[in-house]
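Examining the three-dimensional arrangement
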Amino acid sequence: MGGGRLAGLLAWLEDAVLVLLLSLMVVLAGGQILLRNGLDAGLVWADPLLRVLVLWVGLVGAMAAARADRHITVDVLSRLLSPRARRYTRALTDVCTAAVCAVLAWHAARLVVTEYQGGAIAFADVPAWVCELILPLGFGVMGLRYLALGIGRLRGAPPP
Amino acid sequence: MTVAAVALVLLALLGMPLFAAIGAAALLGFHAAEVDLSVAAIEFYRLAEMPTLLAIPLFTFAGYLLSESGAPVRLVALTRALLGWLPGGLALVALAACAFFTAFTGASGVTIVALGALLYPALRHAGYGERFSLGLVTTSGSLGLLFAPSLPLILYGIVAQQLGVGRPFTLDELFLAGLLPGALMVLLLSGFSMWANRGLPLSAFSRAEARAALWAARWELPLPVVVLGGIYGGLVAVSEAAAVTVIYVFFVEVLVHREIPLRELPRVMREAMLLVGGVLVILGVSLASTNYLIDAQVPARLFEAVRSYVDSPLAFLLLLNVFLLLLGMMLDIFAALVIVVPLLLPIAVGYGVDPVHLGIVFLANMQLGYFTPPVGMNLFIASLRFRKDVAELVRAAVPFFLVLLFAVLVITYWPGLSLMLGRP
């Protein structure tokens, strides 16, 4: 099925981006300390870029967590349910999660469009909408993942 | 509105990810208040406006690197050589090693899985009772939450700072405040372990073994200095210390010891960022929900309601202990921090509780809640890890629970213990 290949590609891409963002973060944060303490200088754009990187790493990490179904839950009731009942309740919570993600993604996309039209600048020459792009993307992908998880559970697929 | 709230709580208890439950609550709140829902996205974006947040991915990555390397083994060998000759020595080893390890990894499940596997067989082999050993390993899983740079400690600081309620404080101050209460917990548990195992034969202190263990751990030994020295010395900010730590740990474990092959590195990074992502989305959506709650003046009304029943600060603290213990049994520590602190801090400040002290009390209670019978989370993790019945672990954990309960009470009613180091 083509969907499986696409999901595999997306997973690979996600991992690659995660590794890249985190590496960049470490190098940039380390370099900034060296510059500041060694040369009494520092890159003006490094600090805001690092802050945006935290947001990006957080959301890409959250996408990966959705893929592995490893988001933080409370989950005290479903321990008491039978495996069969649990399948249905988890399918329900997954679909609801997908719906929440969809609403968040939609309103985040509206924000990005507004910022694009407004032409605000985040830092250096980077427009704000580019930094915000990860919001609709992240919640959109998470929404799709939870939808797929929920449907898979109803069909009796093994959990990831 | 009430129906929706009940439905959300039910969904969360059935296993809906917390970020979705909190996000839905924020969206519903904004919708009812007729606020444009893109406010939720704007609030979430504030994650990119908090400089100290950088410390979270960096320290977490450093912690995961440490746990994947041979550092836990060297740590246990070192503490064993230094403390093993004391009565109950190996128990002290477990306590010290777990506290150190949890401070770096922050999440307590990791400690039980990574160190418990090492310590439990060693304890049994050395003649410690099964029940004592199980209880000790389960308890130690959350020890060290109060020591910098533990993730929950940083998260409390960030959440409290962005609320802007009560006396402003810095993360360094919070780090200092955790030292004595954390040490009290370790000391009391050590005393109990020595007393409980006073009948065991002692082993001799070996100078050669100590020297060998010190030499083996020579690269990890400077770590506390790398992390804390710069911060307390005022040389670097917390996020910078995190960067130095991660670079140092990478250098030691990947390049010097070569215990993590380069091709394994992406997997370790991904594992660490999975946790970071899980914590940050919860923080992000809770920024939105907190914004709604403050707009709706919920904390102020909550304070009024509580004050009509509870008039003395002492009674408030007692109530706080009970409430936090229950909370810690049910809720993950990160979720508890971002959901409850925004509601709790204004109330506590109203009763004259210092925000730094509240943070330490909060985390100390959460730590206890982790293994509070019958549903503390560590009991289940340990039950899975050691293949024991949960009921058996509950029985094993009770004496340790009582010891730490005493520590938590001391920490709660003696603010000075938390605050004396931070005073200028």
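Please refer to the structure higher up on the page.
To keep things clear, this report deals only with the structure shown in the data block. (Residues numbered from 1 in each chain as written. Chains lettered and ligands numbered in written order. Predicted model: local features only at pLDDT ≥ 70, side-chain atom pairs only at ≥ 80, totals over all residues. Heavy atoms only, no water.)

Considerations on the overall build of chain A
Cut-off, in case you're wondering: The numbering of helices and of strands both runs from the N terminus, where a helix is a DSSP run of H or I of at least 4 residues and a strand a run of E of at least 2. The buried label applies to any residue whose accessible area, calculated with a 1.4 Å probe on protein chains only, is under 20% of its type's maximum; exposed applies above 50%, and partly exposed to all values in between. Contacts are residue-level and defined by heavy atoms, with any inter-residue pair within 4.5 Å sufficient.
Counting its regular elements, chain A contains five helices and two strands. Beginning at the N terminus, the succession of helices and strands in chain A can be written as α-α-α-β-β-α-α. With the C-alpha coordinates of chain A rotated into their principal frame, the extents come out at 65 × 35 × 35 Å. Looking at chain A residue by residue over its 160 residues, the buried ones come to 43%. Taking the contacts inside chain A whose residues are at least 6 apart along the sequence as the reference set, 71% of them involve residues at least 24 apart.

What about the overall build of chain B?
Here is the rule we go by: Our radius of gyration is a C-alpha quantity, and the globule rule it is checked against amounts to 2.2 Å times the number of residues to the power 0.38. For the area figures, the Shrake-Rupley method with a 1.4 Å probe applies, and any residue is considered shielded solely by the protein chains shown. Charged residues are defined here as Lys and Arg on the positive side and Asp and Glu on the negative side; His and the ends of the chain fall outside this count. Here the site of a charge means atom NZ of a Lys, CZ of an Arg, CG of an Asp or CD of a Glu.
Helix and strand content of chain B: 21 helices and zero strands. Computed over the C-alpha atoms, the radius of gyration of chain B is 22 Å, within 12% of the 22 Å expected from 2.2 N^0.38 for a compact globule of 424 residues. Summarising its shape, the C-alpha atoms of chain B cover approximately 70 × 45 × 45 Å along the three principal directions. Taking all 424 residues of chain B together, the buried fraction comes to 58%. Long-range contacts, defined as pairs at least 24 residues apart, comprise 80% of the intrachain contacts of chain B with a sequence gap of at least 6. Of the roughly 16100 Å² of accessible surface on chain B, a fraction of 69% belongs to carbon and sulfur atoms. Side-chain charges of chain B comprise 21 positive and 22 negative groups, with the mean position of each set lying 14 Å from the other.

Topic: the packing of aromatic side chains
All names here are of chain B. Short version of the rule: Any Phe, Tyr or Trp ring, taking Trp's six-membered ring, that has another such ring centre within 6.5 Å forms a pair; planes under 30 degrees apart are called stacked, those over 60 apart edge-to-face, and the others tilted.
Using the criterion set out here, one finds 15 aromatic pairs over all chains in the structure. Between Phe30 and Tyr292, the ring centres sit 6.0 Å apart and the planes meet at 80°, which makes this aromatic pair edge-to-face. Note that Phe30 is positioned in helix 2 (residues 18-32) and Tyr292 in helix 14 (residues 265-295), a separation of 262 residues in sequence. Considering the side-chain rings of Phe192 and Trp195, the 6.4 Å spacing of their centres and the 35° angle between planes classify their relative orientation as tilted. Note that Phe192 and Trp195 are positioned in helix 10 (residues 171-196) at a spacing of three residues, about one turn of the helix. In textbook terms, an aromatic cluster arises when at least three aromatic residues are bridged by ring pairs, as seen for Tyr128, Phe132, Phe192, Trp195 and Phe400.

Side note on unusual backbone geometry
Residue and element names in this part refer to chain B. In this chain, Ala148 is followed by Pro149 through a cis amide linkage whose omega measures 0°. One can find Pro149 in the loop between helix 8 (130-140) and helix 9 (151-163). You will see that Arg258, though not glycine, has its phi angle at about 50°, which is positive. Within the element layout of this structure, Arg258 appears in the loop between helix 13 (238-256) and helix 14. With phi around 55°, Gln297 is a residue other than glycine that occupies positive phi space.

Here we look at the side chain of B:Glu253
Residues and elements named next belong to chain B. By the secondary structure assignment, Glu253 is in helix 13. A relative accessible area of 1% places Glu253 in the buried class. Those residues within four positions of Glu253 in sequence are excluded, and the remaining contacts are Leu66, Ser69, Ala71, Arg74, Glu220, Arg258, Glu259 and Ile260.

Some details on the environment of A:Leu18
Residue and element names in this part refer to chain A. Along the polypeptide, Leu18 turns up in helix 1 (residues 2-39). By relative accessible area, Leu18 is classed as buried at 2%. Put simply, Leu18 and Leu111 are 93 residues apart on the chain and 24 Å apart in space, counted from C-alpha to C-alpha.

Side note on the interface of chain B and chain A
We apply this condition: Defined in terms of a 1.4 Å probe, buried area is the accessible area two parts forfeit on being brought together, summed over both. The rule for a salt bridge is simple: a side-chain nitrogen of Lys or Arg has to be within 4 Å of a carboxyl oxygen of Asp or Glu. Any N or O atom pair separated by 3.5 Å or less is treated as a polar contact, with the protein-specific requirement of one donor-capable and one acceptor-capable atom, and with residues adjacent in sequence counted only for side-chain atom pairs.
On the chain A side, the residues contacting the 55 residues of chain B number 56 residues. Carbon and sulfur atoms make up 79% of the surface buried where chain B meets chain A, a total of about 4800 Å² over both sides. Between B:Glu271 and A:Arg70 there is a salt bridge whose closest N-O contact spans 3.1 Å. Counting the contacts that link chain B with chain A gives five residue pairs in polar contact (both at pLDDT 80 or more). Elements represented by at least two residues in the side of chain B that touches chain A include exactly helix 1 (2-13), helix 2, helix 3 (38-45), helix 4 (55-68), helix 13 and helix 14 of chain B. No other element matches the 13 residues that helix 14 of chain B contributes to the side of chain B that touches chain A.

Digging into the nonpolar core
Note the cut-off: Among the buried residues, those of types Ala, Val, Leu, Ile, Met, Phe, Trp, Tyr and Cys that are joined through side-chain atoms within 4.5 Å form a nonpolar core.
By size, the foremost hydrophobic cluster in this structure holds 198 residues, and its most contacted members are A:Met142, B:Phe19 and B:Phe362. When residues of this core are assigned to their parent elements, the largest contribution, 15 residues, is made by helix 14 of chain B. Once residues lying within four places of it in the same chain are set aside, the contact partners of B:Phe362 are B:Leu324, B:Leu327, B:Ala336, B:Leu337, B:Val340, B:Val341 and B:Leu344. Ranked by size, the runner-up nonpolar core spans five residues in total, among them B:Leu78, B:Ala81, B:Ala213 and B:Ala217.

Here's the deal with the pattern of salt bridges
Under the defined criterion, the tally for this structure stands at 21 salt bridges over all chains. Salt bridges here are not isolated pairs; linked through shared partners, they connect A:Glu14, A:Asp15, A:Arg67, A:Arg145 and B:Arg270.

Let's talk about a nonpolar patch on the surface
Condition: Residues enter a patch when their relative accessible area is above 30% and they make no salt bridge; the linking distance is 9 Å between like charges and 5 Å between nonpolar side chains (Val, Leu, Ile, Met, Phe, Trp, Tyr).
On the surface, a nonpolar cluster with roughly 430 Å² of combined accessible area is contributed by B:Leu82, B:Trp85, B:Phe205, B:Leu214 and B:Leu221. Tracing the sequence through the fold places B:Trp85 in the loop between helix 5 (71-83) and helix 6 (89-105).

Remarks on the environment of B:Leu66
Relative to the helices and strands, B:Leu66 is located in helix 4. Sequence-distant contacts of B:Leu66, defined by excluding residues within four places in its chain, comprise B:Ala71, B:Pro72, B:Phe104, B:Leu223, B:Val249 and B:Glu253.

What about the packing of helix 8 of chain B against helix 20 (residues 390-413) of chain B?
Residue and element names in this part refer to chain B. Spelled out, the test is: For every element, the axis is a line fit to its C-alpha atoms; helices are fit only across the contacting stretch, and the angle between N-to-C directions ranges from 0 to 180 degrees. When the near helix sits turned anticlockwise from the far one by under a right angle, the crossing is termed left-handed; a clockwise turn instead gives a right-handed crossing. We call Asp, Glu, Lys and Arg charged. Ala, Val, Leu, Ile, Met, Phe, Trp, Tyr, Cys and Pro are nonpolar, and the rest, Gly among them, are polar.
Relative to each other, helix 8 and helix 20 sit at 65°, their axes nearing to 8 Å. As for how helix 8 packs across helix 20, the hand of that crossing is right-handed. Contacts from Glu130, Arg131, Phe132, Leu134, Gly135, Leu136, Thr138 and Thr139 of helix 8 reach helix 20 at Glu392, Leu393, Arg395, Ala396, Ala397, Phe400 and Leu404. Its residues placed into classes, the contact of helix 8 with helix 20 shows eight nonpolar, three polar and four charged.

As for helix 5 (residues 134-154) of chain A
For clarity, the cut-off: Residue count minus one, scaled by 1.5 Å, sets the expected span of a helix.
Taking 1.5 Å as the rise per residue, helix 5 of chain A with 21 residues should run 30 Å; its terminal C-alpha atoms sit 30 Å apart, in good agreement. One or two steps after helix 5 of chain A, the chain reaches A:Gly156, where phi turns positive at roughly 85°.

Concerning the environment of B:Ala272
Residue and element names in this part refer to chain B. Mapped onto the elements of the fold, Ala272 is located in helix 14. Each C-alpha atom, one on Ala272 and one on Tyr64, is 6.1 Å from the other, the two residues being 208 residues apart in sequence. Residues within four places of Ala272 in sequence aside, it is in contact with Thr60, Phe61 and Tyr64.

Thoughts on the side chain of B:Ser239
Residue and element names in this part refer to chain B. With respect to the secondary-structure elements, Ser239 resides in helix 13. Note on Ser239: relative accessible area 15%, which makes it buried. With residues near it in sequence (within four places) discarded, Ser239 still touches Pro51, Leu54, Ala55 and Leu58.

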